[in-house]
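In case you want the letters, here they are:
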Amino acid sequence: MSEWLLVLAGGALGAPTRYLIGVASRARLPSSFHWGTFLANMAAALLLGFLVAAGTEGALGTTGEALLSTGFCGALSTWSTFSKEMLALTDARRVAGAGGYLLATIALGLGLSFAGGALAQAIW
């Protein structure tokens, strides 16, 4: 299968997963915090950290990287929505909330990415 079809297939799974995370978070975690975007990005960071380390160990191959890393994780994570939410928070003069959201997203996202990588290294 051509690489771009694998990316397409992974994206076709990642985008609805992100949507469902948003729907579930709005139903279960009602608040002004952007839980859907945050949780989707954190899941993508953890999984991508795992996949990158697994790929370094040769466990994925180019097909697995295209399908899972580029396709699925690329569609699951959402920098554009995160940016839109950051702009909305600052436009509403919720600077502390925007700062907290920014710091939590970056710090926890990087931490989860490293944790995913460490898990993959422990397995391989």
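Procedures and definitions
- Residue indices follow the written sequence of each chain, beginning from 1 at its first position.
- For this predicted model, a pLDDT threshold of at least 70 governs which residues receive local features, and a threshold of 80 or more governs which side-chain atom pairs are given and counted, while totals over whole chains, interfaces and linings are taken from all residues.
- Hydrogen atoms and water are omitted, and side-chain values are computed over all heavy atoms in the structure.
- Only buried residues count toward a nonpolar core, which is a set of Ala, Val, Leu, Ile, Met, Phe, Trp, Tyr and Cys residues joined through side-chain atoms within 4.5 Å.
- Exposure categories follow from relative accessible area, calculated using a 1.4 Å probe and restricted to protein chains: below 20% of the type maximum is buried, above 50% is exposed, and the middle band is partly exposed.
- Only runs of H or I of at least four residues qualify as helices and only runs of E of at least two qualify as strands under DSSP, and these elements are numbered from the N terminus.
- Throughout, a residue-residue contact means that at least one pair of heavy atoms, one from each residue, lies within 4.5 Å.
- Centres within 6.5 Å make a pair out of two Phe, Tyr or Trp rings, where for Trp the six-membered ring is used; the pair is then stacked when the planes are under 30 degrees apart, edge-to-face when over 60, and tilted otherwise.
- Only protein atoms enter the 1 Å grid, on which a cavity is a set of points fitting a 1.4 Å probe that cannot get out and a pocket is an open set with protein on both sides within 12 Å along at least 5 of 7 lines, lining residues being those with an atom within 4 Å of a point.
- Grid points are joined across faces, edges and corners, and a volume is the space filled by probe spheres set on the points.
- Ten residue types, Ala, Val, Leu, Ile, Met, Phe, Trp, Tyr, Cys and Pro, are classed as nonpolar, four, Asp, Glu, Lys and Arg, as charged, and the remainder, Gly among them, as polar.
- UniProt positions are given in the numbering used here, feature names are shortened, and annotations may be inferred rather than shown by experiment.
- Orientation is described by lines fitted to C-alpha atoms, with helices fitted over the stretch in contact, and by angles between N-to-C directions that extend from 0 to 180 degrees.
- Our angle categories are set so that under 35 degrees counts as roughly parallel, over 145 as roughly antiparallel, 65 to 115 as roughly perpendicular, and the remainder as oblique.
- In this scheme the handedness of a crossing depends on how the near helix is turned from the far one: anticlockwise by less than a right angle means left-handed, clockwise means right-handed.

(A) Here's a closer look at the nonpolar core. By size, the foremost hydrophobic cluster in this structure holds 11 residues: Ala 40, Ala 44, Phe 50, Leu 51, Ala 53, Ala 54, Leu 60, Phe 72, Cys 73, Leu 76 and Ala 120. Elements with a contribution of two residues or more to this core: helix H2 (35-56) and helix H3 (61-76). If one sorts the elements of this core by residue count, H2 sits on top with 6 residues. Among all residues touching Cys 73, those that are not within four sequence positions of it are Ala 44, Leu 47, Leu 48, Leu 51 and Leu 68. Residues Phe 38, Met 42, Phe 82 and Ala 98 belong to the second largest nonpolar core, which totals 7 residues.

(B) Expanded view of the packing of aromatic side chains. All told, the structure shown has 7 aromatic pairs when counted by the stated rule. The interplanar angle of 65° and the centroid separation of 4.6 Å between the aromatic rings of Phe 33 and Trp 35 together place this pair among those described as edge-to-face. You can call Trp 35 partly exposed: its relative accessible area is 29%. Taken together, the ring pairs in this structure connect Phe 33, Trp 35, Phe 38, Trp 79, Phe 82 and Tyr 101 into an aromatic cluster.

(C) Seen up close, the layout of surface pockets. Approximately 300 Å³ is the volume attributed to the largest pocket. Around the largest pocket, the lining is made up of 16 residues, and of these Asn 41, Ala 45, Ser 77, Trp 79 and Gly 109 lie nearest the centre. For the lining of the largest pocket, the secondary-structure elements that each account for two or more residues are H2, helix H4 (79-91) and helix H5 (95-123). Ranked by residues supplied to the lining of the largest pocket, first place goes to H2 with 6 residues. Taken together, the residues of the lining of the largest pocket break down into 9 nonpolar, 7 polar and no charged.

(D) Spotlight on the UniProt feature "binding site: Na(+)" (unreviewed entry) in the protein. When the UniProt feature table is mapped onto this chain numbering, "binding site: Na(+)" (unreviewed entry) sits at Gly 74 and Ser 77. When only the residues just named are considered, the largest pocket is lined by Ser 77. Among the structural elements, Gly 74 can be located in helix H3. Relative to the assigned elements, Ser 77 resides in the loop between H3 and H4. Taking relative accessible area as the criterion, Ser 77 reaches 29% and is therefore assigned partly exposed.

(E) View of the packing of helix H1 (residues 3-28) against H2. Where H1 meets H2, the axes come as close as 8 Å, and the angle between the chain directions of the two elements is 135°. Overall, the two elements H1 and H2 adopt an arrangement that is oblique. When the axes of H1 and H2 are compared, the crossing they make is right-handed. Packed against H1, whose contacting residues are Arg 18, Ile 21, Gly 22 and Ser 25, the element H2 presents Trp 35, Gly 36, Leu 39 and Ala 40 at the interface. The residue inventory of the contact of H1 with H2, partitioned by class, reads 4 nonpolar, 3 polar and 1 charged.

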